[in-house]
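For reference, the chains in residue letters:
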Amino acid sequence: TVIRALTYATRPVCLEALEINRRFFRRLEAAVPPAQWVPWEDQHNWRFVERLPSQLLLQKFARQMSGTQTIDLLLMVGHLQEVGVLYRMLDEIFEDILFISLGILTGKWNRDHDEYCRYFWSEEEGDRQPPVRRKTIRAFVNRAYATPDPHRSDAVGREIYKTYSDYAHARSAPIMGMVHGPPPRFALDGIHDTDARHPYVDQNPTYFYRCLLSMCAISNVVLSDPDRSLAYRKLKSFEKKHSNLLF
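Fair warning: this is a prediction, and the values are worked out from it, not measured in the lab. (Residues numbered from 1 in each chain as written. Predicted model: local features only at pLDDT ≥ 70, side-chain atom pairs only at ≥ 80, totals over all residues. Heavy atoms only, no water.)

Asks: Could you give an account of the packing of helix 3 (residues 80-105) against helix 5 (residues 134-143), naming the residues involved and the relevant values?
Replies: The contact between helix 3 and helix 5 brings their axes to 9 Å, and the two run at 55 degrees. Between helix 3 and helix 5, the interaxial angle falls into the category oblique. The two elements helix 3 and helix 5 meet at a crossing, and its hand is left-handed. Contact with helix 3, carried on its side by Glu92, Glu95, Asp96, Leu98, Phe99, Leu102 and Gly103, involves Arg134, Ile137, Arg138, Phe140 and Val141 of helix 5 and no other residues of that element. (Axes fitted to C-alpha atoms, helices over the stretch in contact; angles between N-to-C directions. Helix = DSSP H or I, 4+ residues; strand = E, 2+ residues; numbered from the N terminus. Parallel < 35°, antiparallel > 145°, perpendicular 65-115°, else oblique. Left-handed = near helix turned anticlockwise from the far one by under 90°. Contact = heavy atoms within 4.5 Å.)

Asks: Can you explain helix 9 (residues 227-242)? Please cite residues and give values.
Replies: Relative to the 22 Å expected for 16 residues at 1.5 Å per residue, helix 9 spans 23 Å between its end C-alpha atoms, a close match to the ideal helical length. Those residues of helix 9 lying buried are Ala231, Leu235, Phe238, Glu239 and His242. For helix 9, the buried positions fall inside an angular range of 100 degrees around the axis, keeping them on one side. Exposed and oriented more than 90 degrees from the buried face of helix 9 are Lys240 and Lys241. (Expected span 1.5 Å × (residues − 1). Buried < 20%, exposed > 50% of the residue type's maximum accessible area, 1.4 Å probe, protein only. Arc of directions from axis to C-beta.)

Asks: Break down the nonpolar core for me, citing the residues and quoting the values.
Replies: Judged by nonpolar contacts, the single largest core of 62 residues is most densely connected at Phe61, Ile71, Phe99 and Met215. Those elements giving two or more residues to this core turn out to be helix 1 (11-31), helix 2 (53-76), helix 3, helix 4 (111-121), helix 5, helix 6 (150-168), helix 8 (194-222) and helix 9. Ignoring any residue separated from it by four or fewer positions in sequence, one finds Phe99 in contact with Asp112, His113, Tyr116, Val132, Ile137, Phe140 and Val141. (Core = buried A, V, L, I, M, F, W, Y, C linked by side-chain atoms within 4.5 Å.)

Asks: Describe in detail the environment of Glu239, supporting the description with residues and values.
Replies: Among the structural elements, Glu239 can be located in helix 9. Assessed through its relative accessible area of 18%, Glu239 is described here as buried. Here the alpha-carbon distance between Glu239 and Leu212, two residues 27 residues apart in the chain, equals 9.8 Å. In this structure, Glu239 is in contact with Tyr209, Leu213 and Leu246, ignoring residues within four places of it in sequence. Polar side-chain contacts of Glu239 include one of 2.3 Å to the side chain of Tyr209. (Polar contact = N/O pair within 3.5 Å; in protein donor to acceptor, adjacent residues only side chain to side chain.)

Any link to function would need more than the numbers given here.
Encoded structure:
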């Protein structure tokens with residue numbers, strides 16, 4: 001089977017944000033104590049031995065950037081179901097970054113942050129269930145600063161989470177988006193129907209934009225001026241240029 005790769009209208013905006021994030025990631029990486037090659041079980045592996053919040057944030061940001069590059073590639077080849085799964089993952093990573101960053105920046109760090117960090121770093125077999133619930137993380141993020149309606153933000157977050165959870169758990173309704181016809185047949189090699197792709201084309205820039213928001217949040221924790229101010233200026237310039245595509 002020949003895999004069809006189609007570009008999409010908002011892709012240049014996504015790649016612009018990605019390039020900004022790439023450059024700043026290296027600045028953040030240089031500012032954080034590096035991983036060390038240490039004994040691990042019966043071999044060696046890379047680990048952050050200090051287990052600092054800044055190192056946690058760097059790892060989350062690396063995964064966020066990797067995930068956004070993946071949704072770009074998947075959308076190009078029409079694997080929309082998998083894009084939906086990654087949207088759920090990226091929503092969580094973004095909330096996690098804000099949860100830790102805002103806990104530090106606002107001085108409102110609490111026991112939930114301690115528990116989250118303990119779970120994040122643990123490699124024990126018994127630590128498989130996150131001790132801090134998603135709704136707790138979301139509630140903290142939406143109330144870290146004075147927002148006009150945090151309850152509405154909670155509700156929107158829950159609704160988005162539920163929507164993309166259906167993709168992650170492969171429930172029937174989203175799977176049926178793979179069917180085209182007549183006659184009805186599953187599209188196994190990508191969905192290239194313009195109408196089916198349209199919602200993802202519209203949403204992709206927001207996920208790359210959230211990487212810029214993460215960049216600024218982490219920069220405020222890890223970097224000092226002038227780098228911190230530069231990150232903010234890059235974010236504001238991007239917002240001004242592409243505000244019609246961001247939500």
